[in-house]
Structures are given as C-alpha cells and as structure tokens.
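One letter stands for each residue in the lines below.
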Amino acid sequence: MGGHFVVITDQDAANGTLTIHNPYPFALLDQPNLPAYVQQTTPMADFMATHKNNNSGLGNARYLQFDTSQVGPTKAVQGILEQVFAIHVDVSQLPYYGFARRNWKIDSQKTLNTGGGDLVVDTQVTGAGGIDKLDEGNLVFRKAVALAGNHDIRAGGMVSRVVVGNAFGTGSIALSGTGNLKFLPDDAVPTAVSLSVASRSRLHKDGA
C-alpha cells in the first residue's frame, strides 16, 4: 500500500471481514477522508505472492489481502497486509501491584482525533496547553483538569465526570460544528465543580 499503515481492530472469520482503523479512509474505500470514516469493515481474501505475479519484493509467501477496490485518481488497486503484529502479555509478567498511572502533561496546543471512539482519561491533565478536538467521539475527564490553554471543540463531546475542581481547565472553550460540553458527574451532587461561561453556547448537563 505504498507505506500506508492501518490497525486491525477485529476479525470476523465466519463472514470473511476485517475491521480496521484507517487514518486515511479513501486509501481503501470510496469515502471522504473524515474522522467519521476512519473505522472501516472490509472483505478479506488470501493472496499468494510469487516472484512472477508481483514486483513488490514480497517474495514467495501467503498474505492477507483487502479484497476491495480503491477508487483512486488513476485506477483500482488492492491492499495487501504485509505485516500484522499481535502482542500478548501473560498475566504472570504484569507488575504485582499493577501499573502506576502518571499524569498527562500538555504544555502546547494538541490536536486530538480518537477516530470516533471515546477516550477516557483517568489521570489528572495538567500543563499550559489546550486541546483541539476534531472527531465525533467523546473526550472524558475523570479528574479535575489543570490545563491553562484554550480548547477548540469542533466535533463530538468534551465530557467532565469530576466532582471537585475545574471541569475543563481555566482557558476558554470554543464550540463549533457538532462540538459540545457534557457534565456527567460520578457524584450526583458536584457542588465544587468550577465552570465559567463567557457567551451563549450549546451545553448538555446531566445530574446536579
């Protein structure tokens, strides 16, 4: 695929399909290059590479092929899975007390795209930076946010589940497109949550 990489998230052997996370959606299917189309389900088929039927350097071996045509600028092509990595960590190799969580520090403006899924942050987020959110998924904070930078939420939700402290930090929040703020506190009475609204916007509030 010319150096293009995808991540396999699921396989349905009975139906012969793969579910992939494709950062460039049009690379396989005829659909827009938008975050909403990053997750794709494609038919799969075996491909037996030989020196005679390819010049890709794959050699004589069996590979898994995306059995779908790309509607590209020149002609239809096929996608070949050259390498797939599956990593399994045995439970006996895990630390006895589990992994220690570290705070997420953001010192500059960061662009976030979760491919339409939800990203739940269980640690505190600190720093001078802010977040530009571009996709339809939710960014969920479970602890108070200590970010000083500004947020630009263009799609999806920025969600706060905190009960004490700043819900989203101390910077400004710009909402556009389908971007929205959600308050889903873990405690039914989040009396100490801090939020300042400077202008009218779309807000969704559950709980107190």
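Everything numeric in this text was worked out from a predicted model, so none of it was measured.

Asker: Just to check I follow, could you spell out the overall build of the chain for this structure?
Answerer: Each helix and strand in the chain was counted, giving 0 helices and 19 strands. In the chain, buried positions account for 32% of the 208 residues. Considering only contacts in the chain between residues 6 or more positions apart, those separated by 24 or more positions represent 24%. For the chain, the exposed surface amounts to about 13100 Å²; the carbon and sulfur share of it is 51%.

Asker: I tried to follow the sheet that holds strand β10 (residues 131-133) on my own but got confused; where do I start?
Answerer: Picture the strands of a sheet paired through backbone hydrogen bonds; they go either parallel or antiparallel. Ordered in space as β7-β10-β13-β16, the 4 strands form an open sheet in which the pairing is parallel. In the strand order of this sheet, the two ends are held by β7 (110-112) and β16 (173-175), each with one partner. Neighbouring strand axes in the sheet, compared pairwise and without regard to direction, differ in orientation by 15 degrees on average. Bridge analysis of β7 against β10 gives 3 bridges, and the strand direction is parallel.

Asker: Is there a simple way to think about the sheet that holds strand β12 (residues 145-147) in this case?
Answerer: Pairing is parallel across the open sheet formed by 3 strands, whose spatial order is β6-β9-β12. Since the sheet does not close on itself, it has two edges, and those belong to β6 (104-105) and β12, each with one partner.

Asker: Which parts of the structure should I look at to understand the pattern of salt bridges?
Answerer: Two side chains carrying opposite charge are able to pair once their charged atoms lie near each other. Evaluated as defined, the whole model comprises 3 salt bridges. Between Asp107 and Lys105 there is a salt bridge, with its nearest N and O atoms 3.9 Å apart. Among the ionic pairs, Lys133 bridges to Asp135, the shortest N-O distance being 3.7 Å. For Asp135, a relative accessible area of 0% gives the class buried.

Asker: I would appreciate a short explanation of a nonpolar patch on the surface in the present structure.
Answerer: Where nonpolar side chains cluster on the molecular surface, the patch consists of Ile87, Val89, Val91, Leu94 and Phe99 and spans about 580 Å² of accessible area. Checked against the element boundaries, Ile87 lands in the loop between β5 (79-81) and β6.

Asker: Even after reading the chapter, I still don't get the pairing of strand β11 (residues 138-141), so can you show me in this structure?
Answerer: Residues in a regular strand project their side chains so that they alternate between the two faces of the sheet. Taking every second residue as pointing to the same face, both faces of β11 are buried, with Asn138 and Val140 on one and Leu139 and Phe141 on the other. Relative to β11, strand β8 (residues 119-121) runs parallel, the two being bridged by 3 bridges. Within the sheet, the bridge partner assigned to Val120 lies in β11 and is Val140. The sheet contact formed by β11 and strand β14 (residues 157-160) spans 4 bridges and is parallel.

Asker: Help me out: how do you make sense of the confidence of the model for the chain in this one?
Answerer: Predicted coordinates in areas of low pLDDT are best not read in detail. Predicted confidence across the chain gives a mean pLDDT of 77, with 71% of residues reaching 70 or more. Overall, residues 70-75 carries pLDDT values under 50, and its contacts beyond four positions in sequence, including any with other chains, amount to 9 contacts. The low-confidence segment residues 201-208 (pLDDT under 50) makes 20 contacts with residues lying over four places distant or belonging to another chain.

Asker: Looking at this structure, I do not really get the nonpolar core. What am I missing?
Answerer: Side chains of a nonpolar character, in soluble globular proteins, are inclined to be buried together. Residues Val125, Ile131, Leu139, Phe141, Leu147, Met158 and Phe168 are the most contacted members of the largest nonpolar core, which totals 16 residues. Of all the elements in the fold, those that place two or more residues in this core are β11, β12 and β17 (180-183). With sequence-adjacent residues up to four places away left out, Ile131 is seen in contact with Ile106, Gln109, Lys110, Leu112, Leu139, Phe141, Leu147, Asn150, His151, Asp152, Ile153 and Met158. Core analysis: the second largest hydrophobic core is formed by 5 residues, Leu18, Ile20, Leu29 and Met44 among them.

Rules used throughout
- Residues numbered from 1 in each chain as written.
- Predicted model: local features only at pLDDT ≥ 70, side-chain atom pairs only at ≥ 80, totals over all residues.
- Heavy atoms only, no water.
- Helix = DSSP H or I, 4+ residues; strand = E, 2+ residues; numbered from the N terminus.
- Buried < 20%, exposed > 50% of the residue type's maximum accessible area, 1.4 Å probe, protein only.
- Contact = heavy atoms within 4.5 Å.
- Areas by Shrake-Rupley, 256 points an atom, 1.4 Å probe, with all protein chains shown as cover.
- Pairing = 2+ DSSP bridges.
- Axes fitted to C-alpha atoms, helices over the stretch in contact; angles between N-to-C directions.
- Salt bridge = Lys/Arg side-chain N within 4 Å of Asp/Glu carboxyl O.
- Patch = residues over 30% accessible without salt bridge, like charges linked within 9 Å, V, L, I, M, F, W, Y side chains within 5 Å.
- pLDDT = per-residue confidence, 0-100.
- Core = buried A, V, L, I, M, F, W, Y, C linked by side-chain atoms within 4.5 Å.

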